[in-house]
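These are the residues of each chain, in order.
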Amino acid sequence: MWTSLMITIPQEFKDEDQCKQWLKDHPYYCAKPFYSKEISQRGKYSWCCHWQGDTFPLQKFSDFDRSIFLENKPIKECSFCYNVEKSGTLSERFNESTYALYYKRHWIDDVNIKYMVIFFNNLCNVACRMCSESLSTLWGKKVNGVGNLQKIPDNIWNNILQDLKTVEHVSLLGGETFLSDRFFELMQSDHGMREVQFQTNCTVYKKELLDELSKLESVVFGLSIDGIGPVNEYTRWPSNWGKVQNNIDKFFEYKFNFMTNPVINIYTVYYFDQLLDFWYDYMKKDVNIIIAPQFCLDPQWMNMAILPQDVLDIIKERTEKLLDHDILKEFPLQTDILLDALNSIINICKNSQHEENTWQDFKNQTTKWNMIQSMTLEKYLPEFYNEIKTK
């Protein structure tokens, strides 16, 4: 039985490791509800994209009793992060709470929202296989026949512009962020932003936006690339690798803090070594890149854990070799999350249990998407195809 005692948060931690241990000892605490506001394309509010309950209109969001996050018991709407941690990987609860508690404690102690996530709209020129119509108009068009545009209502947008006067950190998402007609308006508003973080699929280049971003104190420029060449083209259709790489080169002309968040999924994990080699070449040229992989758990058929055990054994062996990659030795600060991810891949390979029904779903979904995108696994990912073609 869970107790109803409230968690007491230490006033300070002597180092980041102590903070992380405290979060491991308190697996149901999350800092995000105390400093974060997230606005969806439909104008609904939450504090986290992984919250599995209802999102709220503004007043209900403001009135929500956040003391439940200080109780020593699980919250059913937070099960996504619990399941991520049970799989042996680091969750958003863990990473974001570590950052806030140790580096940005005033965010939690201040009554004003300090961190805001804005989903401009779902306008996107790419249909990633793990995506949904709520995040990509092209995905909706290809899967459902209709790509309905979802956009923050004007009255909510005006409230956002007011909040920006006190918010320090803003994370901008889409759709494809560079396609939003509100990006430039936000950058020229009366704001107090010290840091902007955003993601792009690297298929769009807009110099005027990059020049505006360069005026800020800090920019975390997120590069959504899951593989090199045909691997990225297969999973992030219809991106063109030549155009993507050309845009990356132009992005790197700016002195931003770059972060890449490759999605480790059933298609990409086999080729992860190629991606590390790609980023390593840039980092040796003094481009500052933090590599922070994420694991695809939803849809379940794209979770690498459903692969047959003999294929997982091959991936485990390939991943163990990456633990000796020069990128980890030469750039330890930029690759600490990467190191955790590599160890997580190895743990998944060791502990997964193959489920035939989910594996069959993977084969059915692969066939469906191949037809939608006029692609074949054999052509784009031949090495991986050869490993699984008889399974």
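Worth saying up front: this structure is predicted, and the values here are computed from it rather than measured. (Residues numbered from 1 in each chain as written. Predicted model: local features only at pLDDT ≥ 70, side-chain atom pairs only at ≥ 80, totals over all residues. Heavy atoms only, no water.)

Regarding the packing of aromatic side chains
Defined as follows: Within 6.5 Å between ring centres, the rings of Phe, Tyr and Trp (the latter by its six-membered ring) count as paired, and their orientation is classed by plane angle as stacked under 30 degrees, edge-to-face over 60, tilted in between. In DSSP terms, a helix is any run of H or I states spanning at least four residues, a strand is any run of E spanning at least two, and both are numbered starting from the N terminus. A simple rule labels every residue: compare its accessible area, found with a 1.4 Å probe on the protein chains alone, to the largest value its type can have, and call it buried under 20%, exposed over 50%, or partly exposed in between. Here, a charge over a ring means that NZ of Lys or CZ of Arg falls within 6 Å of the ring centre while also lying within 35 degrees of the ring normal.
According to the stated counting rule, one finds 50 aromatic pairs in the structure shown. When the centroid spacing of 5.1 Å and the interplanar angle of 85 degrees are considered together, the rings of Tyr28 and Tyr82 count as edge-to-face. Of this pair, Tyr28 sits in the loop between helix H1 (16-25) and strand S1 (36-39) while Tyr82 sits in helix H3 (residues 79-86), and the two are 54 residues apart along the sequence. Note on accessibility: Tyr28 and Tyr82 belong to one class, buried. Positioned above the aromatic ring of Tyr205, the side-chain terminus of Lys250 is 4.1 Å from the ring centre.

Focus: the packing of helix H11 (residues 241-251) against helix H12 (residues 272-283)
Condition: Note on geometry: axes are C-alpha line fits, over the in-contact stretch for helices, and angles between N-to-C directions span 0 to 180 degrees. The scheme is simple: roughly parallel for angles under 35 degrees, roughly antiparallel for over 145, roughly perpendicular for 65 to 115, oblique for anything else. Crossing handedness: left-handed means the near helix sits turned counterclockwise from the far one by under a right angle, and right-handed means the same turn made clockwise. Any two residues having at least one pair of non-hydrogen atoms within 4.5 Å are treated as being in contact. Gly is placed with the polar residues, together with every amino acid not listed as nonpolar (Ala, Val, Leu, Ile, Met, Phe, Trp, Tyr, Cys and Pro) or charged (Asp, Glu, Lys and Arg).
One can describe the packing of H11 onto H12 by two numbers: an axis separation of 13 Å at closest approach and a directional angle of 25 degrees. Judged on the interaxial angle alone, H12 and H11 are roughly parallel. The element H11 and its partner H12 pack so that their crossing is right-handed. Of the residues in H12, those touching H11 at Trp241, Gln245, Ile248 and Asp249 are Phe278, Trp279 and Tyr282. A breakdown of the residues in the contact of H11 with H12 according to their chemical character gives five nonpolar, one polar and one charged.

A closer look at the pairing of strand S5 (residues 169-173)
Condition: Two strands are said to pair when DSSP picks up at least two bridges between them.
In terms of burial, S5 is a largely internal element, five of the five residues being buried. Going residue by residue along S5, you find His169, Ser171 and Leu173 tucked away on one face and Val170 and Leu172 tucked away on the opposite face as well. Note that S5 and strand S6 (residues 195-200) share four bridges and pair parallel. If you follow Ser171 over to S6, its bridge partner there is Gln197.

A few points about the environment of Leu328
Within the fold, Leu328 resides in helix H14 (residues 326-330). On the basis of relative accessibility, which here comes to 12%, the residue Leu328 falls in the buried class. Between the alpha carbons of Leu328 and Asp54 there is a distance of 41 Å; along the sequence they are 274 residues apart. If we ignore the near neighbours within four places in the chain, the residues touching Leu328 are Leu322, Leu323, Thr335, Leu338, Leu339 and Leu342.

Here we look at the nonpolar core
Note the following rule: Here, nonpolar core means buried Ala, Val, Leu, Ile, Met, Phe, Trp, Tyr and Cys residues that are tied together by side-chain atoms lying within 4.5 Å of each other.
Judged by nonpolar contacts, the single largest core of 108 residues is most densely connected at Ile118, Leu213, Tyr267, Trp279 and Phe384. When sequence neighbours within four positions are dropped, the list of residues in contact with Tyr267 reads Arg129, Tyr234, Thr235, Trp301, Met302, Phe362, Thr366, Leu377, Leu381 and Phe384.

A short note on the confidence of the model for the chain
What counts here: As a per-residue quantity, pLDDT reports the predictor's confidence and falls between 0 and 100.
Scored by pLDDT, the chain comes out at a mean of 93, with 99% of its residues at no less than 70. Between the elements of the chain, mean pLDDT differs from a low of 87, seen in helix H5 (residues 105-109), to a high of 98, seen in H11.

What to know about the sheet that holds strand S9 (residues 257-260)
If you trace the eight strands from one edge of the open sheet to the other, you get S2-S1-S3-S5-S6-S7-S9-S11, paired in mixed fashion. Both edges of this open sheet fall to strand S2 (45-46) and strand S11 (289-291), since each of them pairs with a single strand only. Looking at chain direction, S9 and S11 are connected through three bridges and run parallel. Bridged to Phe258 within S11 is Ile289. Contacts from H12 reach strand S7 (218-223), S9 and S11 within the one sheet, and its direction differs from that of S11 by about 155 degrees.

Regarding the pairing of S1
Burial along S1 is two-sided: Ser36 and Glu38 facing one way and Lys37 and Ile39 facing the other are all buried. Pairing of S1 with strand S3 (residues 115-119) involves four bridges; the strand directions are parallel. Within the sheet, the bridge partner assigned to Ser36 lies in S3 and is Tyr115. In this antiparallel pair of consecutive strands, S1 and S2, the connection spans five residues, and Gly43 shows a positive phi of 80 degrees.

Details of the state of the cysteines
Operational definition: Any cysteine sulfur atom paired with another within 2.5 Å is treated as part of a disulfide.
As enumerated under the stated definition, the model contains zero disulfides in all. Sulfur of Cys19: no disulfide; nearest cysteine sulfur belongs to Cys30 and is 12 Å away. Its sulfur unpaired, Cys128 is 5.7 Å from the next cysteine sulfur, which belongs to Cys131. Overall, Cys128 belongs to the buried group, its relative accessible area being 9%.

A look at unusual backbone geometry
Omega for the bond connecting Gly174 with Gly175 falls within 30 degrees of zero, at 5 degrees, which places this linkage in the cis form. Here Gly175 shows up in the loop between S5 and helix H8 (183-187). Residues other than glycine seldom take positive phi values, yet Cys202 does so here, at roughly 70 degrees. The residue Cys202 is located in the loop between S6 and helix H9 (207-213) in this model. The class for Cys202 is buried, based on a relative accessible area of 0%.

A closer look at the pattern of salt bridges
Our working definition: By definition, a salt bridge exists where a carboxyl oxygen of Asp or Glu is found within 4 Å of a side-chain nitrogen of Lys or Arg.
Applying the stated criterion across every chain yields a total of 17 salt bridges. Lys32 is the partner of Glu92 in a salt bridge, and the nearest nitrogen-oxygen pair spans 2.7 Å. Remark: Lys32 occurs in the loop between H1 and S1 and Glu92 occurs in helix H4 (residues 92-103); sequence separation between them is 60 residues. Of the charged contacts, one joins Lys114 and Asp110 as a salt bridge, the two residues approaching to 3.4 Å between their closest N and O atoms. When its relative accessible area of 26% is taken as the criterion, Asp110 is described as partly exposed.

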